[in-house]
Amino acid sequence: MPKIKRARSLLVTVFAAGAFVAVAVAVVAYRADPFMGRAGQQWSMLETYCTECHNVAEFAGGVVFEGLTPESVPEHAETFEAAVRKLRGRLMPPPGNPRPAESRIDSFVSWLEESIDEGSNAPVAGHVPIQRLNRTEYATAVKDLIDVEIDPEQYLPTDIEVDGFSNIAAALSVSPAFLEQYISVARTVARLAVGEREPKLASVYFPPPGGDQDDYVDGMPLGTRGGTMFTHVFPADGEYLFNITDLDAGLYPRSLETEHTLVVLVDRNEVFRTRIGGEADLALVNRGGAPGRAELMARFTDISVNVTAGMHEIIVTFIERSRAATDGTIFGFTPYGGFSFSGEMRVPRVMGGIEVIGPFEATGLSRTTSREKVFICEPEVADRERDCARRIAANLARRAFRRPIDQGDIDSLMPFYEAGRGAGGGAEGRFDAGIEQMVTAVLASPDFLYRAIAPPEEPGGADHHALSDLELATRLSFFLWSQGPDDALLRIAESGAFGDPGVIEAQVSRMLADPRAETLVTGFALRWLNVDELEAVDPDERLFPDFSDELREDFASEIELFIRSILLEDENVEALLTADHTFLNERLARHYGIDSVHGPQFRRVALEDEARRGLLGKAAVLLRTSYGDRTSPVLRGAWVLEKLMGTPPAPPPPNVETDLTTPEGEQPRTVRVRLEQHREAPNCNGCHGVIDPYGLALENFTVTGQWRDVDKLADAPIDASTVLPGGGAIDGPVELRQALLRRPDQFVQALTEKLMMYALGRELEYHDMPQVRAVVRAAEQHDYRLSAIVTGIVTSDAFRMQALSGEVESSDIRAVAADNSDSARLN
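### Comments concerning the packing of aromatic side chains
- Evaluated as defined, the whole model comprises 20 aromatic pairs.
- Between Phe65 and Phe80, the aromatic rings sit 5.5 Å apart at their centres with planes inclined by 25 degrees, giving stacked as the arrangement. Of the two residues, Phe65 sits in the loop between helix 3 (34–49) and helix 4 (77–88) while Phe80 sits in helix 4, which places them 15 residues apart along the sequence.
- Look at Phe234 and Tyr240: their rings are 4.7 Å apart centre to centre, the planes differ by 85 degrees, and that puts the pair in the edge-to-face class. With respect to burial, Phe234 and Tyr240 carry one shared label: buried.
- Grouped by ring-pair contacts, the aromatic residues Phe165, Phe479, Phe524, Trp528, Phe747, Tyr758 and Phe799 constitute a single cluster.
- The cationic tip of Arg371 hangs over the ring face of Phe375; the distance from NZ or CZ to the ring centre is 4.2 Å.
- When the ring centre of Trp481 is taken as reference, the NZ or CZ atom of Arg516 above it lies at 3.7 Å.

### Points about the sheet that holds strand 5 (residues 260–266)
- Ordered in space as 3-8-5-6, the 4 strands form an open sheet in which the pairing is antiparallel. Taken across any chain shown, the strands that pair with only one partner, and hence form the sheet edges, are strand 3 (224–234) and strand 6 (269–276). The average angle at which neighbouring strand axes cross in this sheet is 15 degrees, direction not considered.
- By the bridge criterion, 5 bridges tie strand 5 to strand 8 (residues 310–319) in an arrangement that is antiparallel. In the strand pairing of strand 8, Leu262 is matched with Phe318.

### Here's the deal with the sheet that holds strand 2 (residues 201–205)
- With antiparallel pairing, the 4 strands of this open sheet are ordered in space as 2-9-4-7. Each having just a single partner strand, strand 2 and strand 7 (303–307) make up the two edges of the open sheet. When the angles between neighbouring strand axes are averaged without regard to direction, this sheet yields 25 degrees.
- Sheet analysis places strand 4 (residues 237–244) next to strand 7, joined by 5 bridges and oriented antiparallel. When the sheet's bridge partners are listed, Gly238 is paired in strand 7 with Val307.

### A few points about the environment of Arg491
- Position of Arg491 relative to the elements: it lies in helix 16 (residues 487–495).
- Looking at Arg491, the relative accessible area reads 52%, which means it is exposed.

### Some remarks on the pattern of salt bridges
- Counting across every chain of the model gives 47 salt bridges.
- Its salt-bridge partner being Asp147, residue Lys143 comes within 2.8 Å of it at the nearest N-O pair.
- Residue Lys143 is classed as partly exposed on the basis of its relative accessible area of 33%.
- Take Asp147: its relative accessible area is 19%, and that puts it in the buried class.
- With a closest N to O distance of 2.6 Å, Arg421 and Glu385 form a salt bridge. Note that Arg421 is positioned in helix 12 (residues 407–422) and Glu385 in helix 11 (residues 385–401), a separation of 36 residues in sequence.
- On the accessibility criterion, Arg421 (22% relative accessible area) is partly exposed.
- Through salt bridges with shared partners, one network takes in Asp144, Asp486, Arg510, Asp514 and Arg516.

### Quick look at the packing of helix 27 (residues 744–760) against helix 29 (residues 786–794)
- The interhelical angle for the contact between helix 27 and helix 29, taken along N-to-C directions, is 50 degrees, at an axis separation of 10 Å. Our classification of the angle between helix 27 and helix 29 gives oblique. The handedness of the crossing between helix 27 and helix 29 comes out as right-handed. Contacts between helix 27 and helix 29 involve Val748, Leu751, Thr752, Leu755, Met756 and Ala759 from the first element and Leu786, Ile789, Val790 and Ile793 from the second.
- Looking at side-chain class alone, the contact of helix 27 with helix 29 contains 9 nonpolar, 1 polar and no charged residues.

### Considerations on the nonpolar core
- Counting 102 residues, the largest nonpolar core has Phe479, Ile563, Leu576 and Leu755 as the members making the most contacts within it.
- Of all the elements, helix 27 adds the most residues to this core, at 9 residues.
- Grouped together as the second largest cluster of nonpolar side chains are 48 residues, Phe178, Met414, Phe431 and Leu449 included.

### Things to note about unusual backbone geometry
- Residues Met92 and Pro93 are joined by a peptide bond in cis, for which omega reads -10 degrees.
- Within the fold, Pro93 resides in the loop between helix 4 and helix 5 (102–119).
- Note that the residue after Gly358, namely Pro359, is joined by a cis bond; omega there is 10 degrees.
- Position of Pro359 relative to the elements: it lies in strand 9 (residues 354–364).
- Phi is positive for Asp267, which is not a glycine, with a value near 55 degrees.
- On the secondary structure map, Asp267 appears in the loop between strand 5 and strand 6.
- The class for Asp267 is partly exposed, based on a relative accessible area of 34%.

### Looking at the confidence of the model for the protein chain
- For the protein chain, per-residue confidence averages 85 on the pLDDT scale, and residues scoring 70 or more make up 86% of the total.
- Overall, residues 325–344 carries pLDDT values under 50, and its contacts beyond four positions in sequence, including any with other chains, amount to 39 contacts.
- Overall, residues 806–825 carries pLDDT values under 50, and its contacts beyond four positions in sequence, including any with other chains, amount to 32 contacts.

### Re empty space enclosed by the protein
- Taken as a whole and assessed by the stated rule, the structure comprises 3 cavities of 30 Å³ or more.
- There is about 100 Å³ of room inside the largest cavity.
- Forming the boundary of the largest cavity are 13 residues, of which Arg85, Arg88, Gly646, Gln749 and Glu753 lie nearest the centre.
- Looking at the lining of the largest cavity, the elements that each hand over two or more residues are helix 4, helix 27 and helix 28 (769–780).

Analysis parameters
- Residues numbered from 1 in each chain as written.
- Predicted model: local features only at pLDDT ≥ 70, side-chain atom pairs only at ≥ 80, totals over all residues.
- Heavy atoms only, no water.
- Phe/Tyr/Trp six-rings, centres within 6.5 Å; stacked < 30°, edge-to-face > 60°.
- Helix = DSSP H or I, 4+ residues; strand = E, 2+ residues; numbered from the N terminus.
- Buried < 20%, exposed > 50% of the residue type's maximum accessible area, 1.4 Å probe, protein only.
- Lys NZ or Arg CZ within 6 Å of the ring centre and 35° of its normal.
- Pairing = 2+ DSSP bridges.
- Axes fitted to C-alpha atoms, helices over the stretch in contact; angles between N-to-C directions.
- Salt bridge = Lys/Arg side-chain N within 4 Å of Asp/Glu carboxyl O.
- Parallel < 35°, antiparallel > 145°, perpendicular 65-115°, else oblique.
- Left-handed = near helix turned anticlockwise from the far one by under 90°.
- Contact = heavy atoms within 4.5 Å.
- Nonpolar A, V, L, I, M, F, W, Y, C, P; charged D, E, K, R; others polar.
- Core = buried A, V, L, I, M, F, W, Y, C linked by side-chain atoms within 4.5 Å.
- pLDDT = per-residue confidence, 0-100.
- 1 Å grid on protein atoms, 1.4 Å probe; cavity = no way out; pocket = protein on both sides within 12 Å on 5 of 7 lines; lining within 4 Å.
- Points joined across faces, edges and corners; volume = space filled by probe spheres on them.

Here is the structure:
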């Protein structure tokens, strides 16, 4: 008989003896079974506030609590995990309904979580199907394997995202056309890695649109102004020609009034310098017209430079000169503009493309880093070419396939070498051509393009199985580095040592200290917080005339540097909300109203204004949660609920009216007033009564993240006071931050849940939540540092195990590739 029924029967039996005896017996029963007493107290809250709607008749939200008992909580873990999430976000009971005290809700949530964690028989792991490398992982893996750097957005199609992440296996579908693109990029990468002795290639590089040409450009050599910077892969040693196509010397060339010096640098070493501007050049263009301009620009064509094979950095820029070197006015008043008072640019700028042509008279192929990674041997005579090719194949395949290789792997690659060698030129050319074709085959192999976990040979009766050490090494490496395991990880995996005490923990410490862990910022954190695509919001230039693309780039730099300073320096992750520092340059500092920062370089700055601290005060967050013409408490409130609290609100119903635009002819009103009118409808208040308060607390920040006390359009003061769904009154971002931290584990759990999703490459399910909470509890003992959270994740069953499934497993990878063999031909 259930414990509660036993207690009730006991009380009924003794009731006739008097209330004193009943109380005494109840106390004895509680002492014998404390859970019964606590469960009854907690369950009474559900019966009081929840069953009125969540019953068989009402069936609100498709959830029924009627007929359940405290003992059934673990049995119905999926239902009660959903209840926990709603209660943590105070999404239930809905606004306007009777609501228990905050402490009562917290106590009930803790009891539900404990009941599920201690009693659930849910699976310990989920199933991750065959997982294609996304385009970022592909580019990172190629860079690690053969040291060729490519822009994945240029070569590969966009990946489908799930919750902002592009590494979720179920979304990484494959089609014949998709595979064809991977084959094409494999050919390009192989050619760049091996090099060419007799190519004549022309490439054109354009400066970034909207780039700042009037002042120092971040990343350029100090003492320079404007210009552009790019990397180019030179296929062979030899002479190359550079052509600079446009320096803004048009028919009315005020940019030529003063003399400037242009320089070309290769790997920060000057290879070309000449002047532009001054009286002679101005007269040449003024009097000569288009022919005069052509004569001037001929000075910047066919610039001959000898360069060795491999990737090199190219910079075209101007030497910075004194702004007061002459009596003439060079710049106008604006601190970041090179305009005269009439609005015309008065300095030359790099406006057009930079052409790189060559090589001419190639002298051979230098020992580039790419060739060092590929050519681990060089055959001295033709008879040794095949043996050397097999050694190269074995070395590449082991690192690319992320496992030990056998003779079958090598034999499968050698036909590609033979085919390429037969099509080559001279003796050296034939061998290189064969290796190039073999590298293409490796990069197009399903063993490189896919990750998979093999099912056990004898499943037995278990519904899950442990990953092999090699599979564990691969999962760990893609989690922390977005690429395959390095030699150290492979050696540990091949020795079977991952099960030894402390081994995986030591590897986590080593890998987090490695620069490659920066992908946790760019691949995880920026995507989790939805601040990786700031161009998605374009502020209205009429309302925000001071906004620019350069300022948007500053927003992106600040948020990335800030997150890196917390996560990769292994601080308490709650510092993402509370840190009293950020990273600014002069332009962004002025935007924030800070006048103590000078110069274009970003540097760490202490924040005196509490409103600017943490994520809530960052312009990237505030821009991304706005519309182009107004702030949005709804977007900002939903962002706080989903990203910082881990309790996303329900999506709006279909066909709901969301336009808050002031009708034509009416006096503009504040966004707050318009939302209050919107919430007057009971159906709207059910959601907006929860979402809006979190966003209203941020109303002092404009679309572009500047502070304001007055809504200029409505000519009304900003009111950032609000009452949170739990009943707490707050006013502004500082008090909002304090409210979020009243339950310190809430933000950490929200981060941990998304980090585990990213680590596993699958969406989390209800049965994963006990392990998420276990990671958070363990991390609390280590001050909630990222290293502690990562260690907890990689030592969890969810990370180290795989649920069985009838879906395609790793043994079918080659079958998947064979299905698309017609479109996957290398020749």
